Amino acid sequence: DAKTTQPTSMDCAEGRAANLPCNHSTISGNEYVYWYRQIHSQGPQYIIHGLKNNETNEMASLIITEDRKSSTLILPHATLRDTAVYYCIVRVALAGGGADGLTFGKGTHLIIQP
Amino acid sequence: SAVISQKPSRDICQRGTSLTIQCQVDSQVTMMFWYRQQPGQSLTLIATANQGSEATYESGFVIDKFPISRPNLTFSTLTVSNMSPEDSSIYLCSVEAIRGGGEAFFGQGTRLTVV
């Protein structure tokens, strides 16, 4: 799986959009970009994933650059409950699930300030 | 999505003993994984739990230390054997659905402290 690079930590004001960047310059053509988050003392939570088109769901939006070498996760209206470590992971998505599990980096610790 | 139940949620164990952690999911899944999260660290994959066959272990993890069972599509156990204080971690079960898009779902984890 391709390696990802994320900032160690970020602050964002409550109610504002939180934009979390991820660099994945060695991504392969069949690799998807996945985002997970881990709120303190909980298991990781799936947020969103995409291949090359921008994606949006009830939690967030994912913007992937045209060359696919980087992406941004957007939380449109951050709340205090969004304080968590956010992980950007690149992997091949196989029918019926991935074969190799997930490789977690250190992620970005997002702190939402009141 | 899948609902995953992990037991126990936490335990304090004596060194030299073993603890078996259970993972139950509410729907049929293809892939089940076990992860370890050491204090202040990110998650590390221990092994893939294969139904009806031996688990597939990642580098640095061995079957004698972390035996895994998966008797059916919805249940798996991880045993942490002959524990030492270095095994104090959170252990997490993860699943991916048969017809999913590759997204993984995690249990709440088992917080293990070895004294």
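Details of the structure are given in the entry above.
The text that follows walks through the structure, step by step, so that each part is easy to find.

Turning next to the overall build of chain B. Helix and strand counts for chain B come out as 0 helices and 11 strands. When the elements of chain B are put in sequence order from the N terminus, they spell out β-β-β-β-β-β-β-β-β-β-β. Against the 2.2 N^0.38 benchmark of 13 Å for 115 residues, chain B shows a C-alpha radius of gyration of 13 Å, consistent with a compact globule. Its C-alpha atoms give chain B principal-axis dimensions of roughly 40 × 25 × 20 Å. Taken over 115 residues, chain B has a buried fraction of 50%. Sequence separation of at least 24 residues holds for 54% of the intrachain contacts in chain B that already meet a minimum separation of 6. Counting only carbon and sulfur atoms, one obtains 48% of the accessible surface of chain B, whose full area is about 5,400 Å². Within chain B, one finds 8 positive and 9 negative side-chain charges whose respective centroids are separated by 6 Å.

All names here are of chain A. Relative to the elements of secondary structure, T8 occurs in the segment before β1 (9-13). We classify T8 as exposed; its relative accessible area is 67%. When sequence neighbours within four positions are dropped, the list of residues in contact with T8 reads G107, T108 and H109.

With that settled, the discussion passes to the interface of chain B and chain A. Of the residues lining the interface, 22 residues belong to chain B; the matching set on chain A comes to 22 residues. When the two sides are added together, the surface that chain B and chain A hide from each other amounts to roughly 1,600 Å², 47% of it contributed by carbon and sulfur. Contact with chain A buries surface across chain B, with S42, L43 and F106 of chain B losing the most and accounting together for 24% of the total. Our count for the chain B to chain A interface comes out at 1 salt bridge. Note that E96 of chain B and R91 of chain A form a salt bridge whose closest N and O atoms lie 2.8 Å from each other. On the surface where chain B and chain A come into contact, there are 6 residue pairs in polar contact (both at pLDDT 80 or more). Taken together, the elements giving at least two residues each to the side of chain B that touches chain A come down to β4 (29-37), β5 (43-49), β9 (89-97) and β10 (104-106) of chain B. Among the elements that make up the side of chain B that touches chain A, the one with the highest residue count is β4 of chain B (5 residues). In terms of residue class, the side of chain B that touches chain A is made up of 10 nonpolar, 9 polar and 3 charged.

The next subject is the sheet that holds strand β2 (residues 18-23) of chain A. All names here are of chain A. Here we have 4 strands laid out as an open sheet, ordered β2-β7-β6-β5, and antiparallel in their pairing. Two strands bound the open sheet, and with one partner strand each, they are β2 and β5 (55-56). Pairing of β2 with strand β7 (residues 70-75) involves 6 bridges; the strand directions are antiparallel. Counterpart to P21 in the pairing with β7 is T72.

Two faces make up the sheet, and in a regular strand the side chains alternate between them. Residue and element names in this part refer to chain B. Pairing of strand β7 (residues 68-72) with strand β8 (residues 75-80), which is carried by 3 bridges, proceeds in the antiparallel orientation. Residue pairing across strands places N72 opposite F75, the latter belonging to β8. Linking β7 back to β8 in an antiparallel pair, the connection comprises 2 residues.

With that settled, the discussion passes to the side chain of R91 of chain A. With respect to the helices and strands, R91 of chain A occurs in strand β8 (residues 84-92). Among the polar contacts listed, one links the side chain of R91 of chain A to the side chain of E96 of chain B, at a separation of 2.8 Å.

We now examine the state of the cysteines. Considering all chains together, one arrives at 2 disulfides over all chains under this definition. The disulfide partner of C23 of chain B is C93 of chain B, and the gap between their sulfur atoms is 1.9 Å. Taking the sign of the S-S torsion, -65° for the link of C23 of chain B and C93 of chain B, the bridge is left-handed. One end of the pair, C23 of chain B, is in strand β3 (residues 19-25); the other, C93 of chain B, is in strand β9, and 70 residues separate them in sequence. A relative accessible area of 0% means that C23 of chain B is categorised as buried. Take C93 of chain B: its relative accessible area is 0%, and that puts it in the buried class. No disulfide involves C12 of chain A; its sulfur sits 18 Å from the nearest other cysteine sulfur, which is in C22 of chain A. C12 of chain A sits in the buried class, given a relative accessible area of 9%.

Conventions and cut-offs
- Residues numbered from 1 in each chain as written.
- Chains lettered and ligands numbered in written order.
- Predicted model: local features only at pLDDT ≥ 70, side-chain atom pairs only at ≥ 80, totals over all residues.
- Heavy atoms only, no water.
- Helix = DSSP H or I, 4+ residues; strand = E, 2+ residues; numbered from the N terminus.
- Rg over C-alpha atoms; globule rule 2.2 N^0.38 Å.
- Buried < 20%, exposed > 50% of the residue type's maximum accessible area, 1.4 Å probe, protein only.
- Contact = heavy atoms within 4.5 Å.
- Areas by Shrake-Rupley, 256 points an atom, 1.4 Å probe, with all protein chains shown as cover.
- Lys, Arg positive; Asp, Glu negative; His and termini not counted.
- Charge placed at Lys NZ, Arg CZ, Asp CG, Glu CD.
- Buried area = accessible area lost by both parts, 1.4 Å probe.
- Salt bridge = Lys/Arg side-chain N within 4 Å of Asp/Glu carboxyl O.
- Polar contact = N/O pair within 3.5 Å; in protein donor to acceptor, adjacent residues only side chain to side chain.
- Nonpolar A, V, L, I, M, F, W, Y, C, P; charged D, E, K, R; others polar.
- Pairing = 2+ DSSP bridges.
- Disulfide = S-S within 2.5 Å.

Purely geometric numbers; function is a separate question.
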